[in-house]
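# Descriptive structure summary
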Amino acid sequence: MSQKIAIVGGGYIGAELAKSLDDTADVTLIEPRSHFVHAPAMIRAVVDPSLLDRALIPYDRLLTNGRVIASKVKAIDAKGVTLEDGTRVEADQIVVATGSGNAMPFKPKGADIAGLKADNQRIHQQLKAARSIGIVGAGAVGTELAGEIAYAMPDKKVTLISSDEALFGAMPSKLGTSLAAKLRKAGVTLILGQRAENLQSLTEPYAGTLQLADGSQHDFDLIFPAIGSRANSEVLETLAGVQKTTANRIKVDPWMRPSSLPNVFAAGDVADAGDAMTIVAISRQLPWLKATLSGLGQGKTVEDMKPYKPWGSKAPILVPLGPKQGNSFLAFFTAGDFLTSKMKGADLFLSKYNKLLGRKS
């Protein structure tokens, strides 16, 4: 008998892990959304809605042997999970990879894919009509959005605002200074070291006036809040021994376990394992999870296997500014436009994830 594995959440960790184990284990992927939401492409889709058909990918061709259940998990225990309607999914091992939430139209409210498409169209029209755009938050989402608008709509007046003194200040300085120079050259105004004190919404764009910490006021036809993701950790919070850290993330032990249950693992954005909340940073977790779950299926104990080793400060990050420009930190050096475009900017990993989910790449 192959082991039963329940994977809660069909994002970057959940979908790829389910696919990788489909031939060797009895896999059940539980995901409330009908479609995989490819977040990097959702940023560009604000300026180019034609990307939506490739950025929102149905789950129906992901697994050949296992199954995908469209539901939310209400509770987790040592023997499996309970769905919202009370249905039980029995499992030997459980992986919770429920991801994180962000402002729309980058991620949907709950499971509403139709609503996300409508939001995208509405906000795209607002963007087309706007002359002045403020983006609050200069992490990956805010910086990439500024670059996408500047590239596709060079007539817009874009202002990127951050409470941090520099872009990507935790990374080697060349990354942030190079990105800042390219944004300024593209016409983007950077206001750094200033907190927006009256942000009316953290979840959706709106028109209004921003007051900054220095007392200055700035009027915008459209303001995008982009001040960071928060993990979707609710289903884990009721387990014994769970500890929350920053951004609703859950602390895990060296074997990615968040609680006193030895067969429950947390991964991706929800797990505070020492990795940043980016696709590239969490990618190291995939081979480790596959090897560990395969080992458990062969009768090994978790403690017999190597603990997970996070990227830490050496995690790569790829920051395109539209399809042709950008900068990336690749563990030992900072790359420029050519590599950033080739690795991410031109295609945004769309071919990879469409292929993973059984669509033409």
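Here the structure is a predicted model, which is why all the values come from computation and not from measurement. (Residues numbered from 1 in each chain as written. Predicted model: local features only at pLDDT ≥ 70, side-chain atom pairs only at ≥ 80, totals over all residues. Heavy atoms only, no water.)

Let us now look at the side chain of D275. Residue position: D275 is located in the loop between β19 (271–272) and α8 (279–282). Of the side chains bearing the opposite charge, R284 lies closest to the buried D275, which forms no salt bridge; the N-O distance is 6.3 Å. Polar contacts involving the side chain of D275 include one to the side chain of Y308, which spans 2.6 Å. Excluding residues within four positions of it along the chain, D275 makes contact with R249, A281, I282, Q285, Y308, P310, W311 and G312. (Helix = DSSP H or I, 4+ residues; strand = E, 2+ residues; numbered from the N terminus. Buried < 20%, exposed > 50% of the residue type's maximum accessible area, 1.4 Å probe, protein only. Lys, Arg positive; Asp, Glu negative; His and termini not counted. Salt bridge = Lys/Arg side-chain N within 4 Å of Asp/Glu carboxyl O. Polar contact = N/O pair within 3.5 Å; in protein donor to acceptor, adjacent residues only side chain to side chain. Contact = heavy atoms within 4.5 Å.)

What follows concerns the UniProt feature "domain: FAD/NAD(P)-binding" (unreviewed entry) in the protein chain. The UniProt entry lists residues 72–273 under the feature "domain: FAD/NAD(P)-binding" (unreviewed entry), expressed in the numbering used here. Structurally, residues 72–273 is divided into 23% helix and 28% strand, and its ends, taken at the C-alpha atoms, are 24 Å apart. (UniProt positions renumbered as here; feature names shortened; annotations may be inferred.)

The next thing to look at is the side chain of Q93. Mapping Q93 onto the fold places it in strand β9 (residues 93–96). If near-sequence neighbours (up to four positions away) are discounted, Q93 is found in contact with Q3, K4, I5, A6, N263, F265, L293 and L296.

Our next topic: the pairing of strand β2 (residues 26–30). Most of β2 is tucked away: four of the five residues are buried. In this structure, strand β1 (residues 4–8) lies alongside β2, joined through five bridges in parallel fashion. Following the sheet pairing, A6 is matched in β2 by T28. Handedness of the crossover joining β1 and β2 through helix α1 (residues 12–21): right-handed. Both β2 and strand β5 (residues 67–69) contribute to a ladder of three bridges, which runs parallel. (Pairing = 2+ DSSP bridges. Right-handed = clockwise from strand over helix to strand, strands pointing away.)

All right, on to the nonpolar core then. Soluble globular proteins: nonpolar side chains tend toward being buried together. By size, the foremost hydrophobic cluster in this structure holds 65 residues, and its most contacted members are I76, V81, L236 and M256. Considering every element that reaches this core, the biggest residue donor is α1, with six residues. Ignoring any residue separated from it by four or fewer positions in sequence, one finds L236 in contact with I76, V96, V242, I250, P258, A266 and V270. One finds I43, M104, A150 and I317 within the second-largest nonpolar core, a separate group that totals 36 residues. (Core = buried A, V, L, I, M, F, W, Y, C linked by side-chain atoms within 4.5 Å.)

This part is about the packing of aromatic side chains. This structure, assessed with the given rule, holds five aromatic pairs. Ring centres 5.1 Å apart and planes at 80 degrees place the aromatic pair Y12 and Y353 in the edge-to-face group. Within this pair, whereas Y12 is found in helix α1, its partner Y353 is found in helix α11 (residues 350–356), the two being separated by 341 residues in sequence. In this pair, the class of Y12 matches that of Y353, namely buried. With 6.4 Å between their ring centres and 80 degrees between their planes, F36 and Y59 make a pair best called edge-to-face. Highlighted residues: F36 in strand β3 (residues 35–37) and Y59 in the loop between β4 (56–58) and β5, separated in sequence by 23 residues. Classification of F36 by relative accessible area gives buried; the value is 1%. Through pairs of rings, three or more aromatic residues link up here, namely Y12, F36, Y59 and Y353. A cation over a ring is seen here: R284 above W311, with NZ or CZ 4.0 Å from the ring centre. (Phe/Tyr/Trp six-rings, centres within 6.5 Å; stacked < 30°, edge-to-face > 60°. Lys NZ or Arg CZ within 6 Å of the ring centre and 35° of its normal.)

A word on the packing of α1 against helix α9 (residues 285–297). One can describe the packing of α1 onto α9 by two numbers: an axis separation of 10 Å at closest approach and a directional angle of 45 degrees. Our classification of the angle between α1 and α9 gives oblique. Seen from above, α1 lies across α9 with right-handed handedness. Contacts between α1 and α9 involve Y12, I13, E16, L17, S20 and L21 on the former and, on the latter, Q285, L286, L289, K290, L293 and S294. (Axes fitted to C-alpha atoms, helices over the stretch in contact; angles between N-to-C directions. Parallel < 35°, antiparallel > 145°, perpendicular 65-115°, else oblique. Left-handed = near helix turned anticlockwise from the far one by under 90°.)

Here we come to the UniProt feature "domain: Pyridine nucleotide-disulphide oxidoreductase N-terminal" (unreviewed entry) in the protein chain. Residues given the UniProt feature "domain: Pyridine nucleotide-disulphide oxidoreductase N-terminal" (unreviewed entry) here are residues 4–52. Between the C-alpha atoms that bound residues 4–52 there is a distance of 34 Å. The span itself is 37% helix and 27% strand.

Let's shift gears to the sheet that holds β9. An order of β5-β2-β1-β9-β18 is seen for the five strands of this open sheet, with the pairing classed as parallel. Because the sheet does not close on itself, it has two edges, and the strands there are β5 and β18 (264–266). Between one strand axis and the next, the sheet turns by 20 degrees as a mean value, whatever way the strands run. Across the sheet, α9 lies against β1, β9 and β18, angled at about 175 degrees from β18, the strand it touches most.

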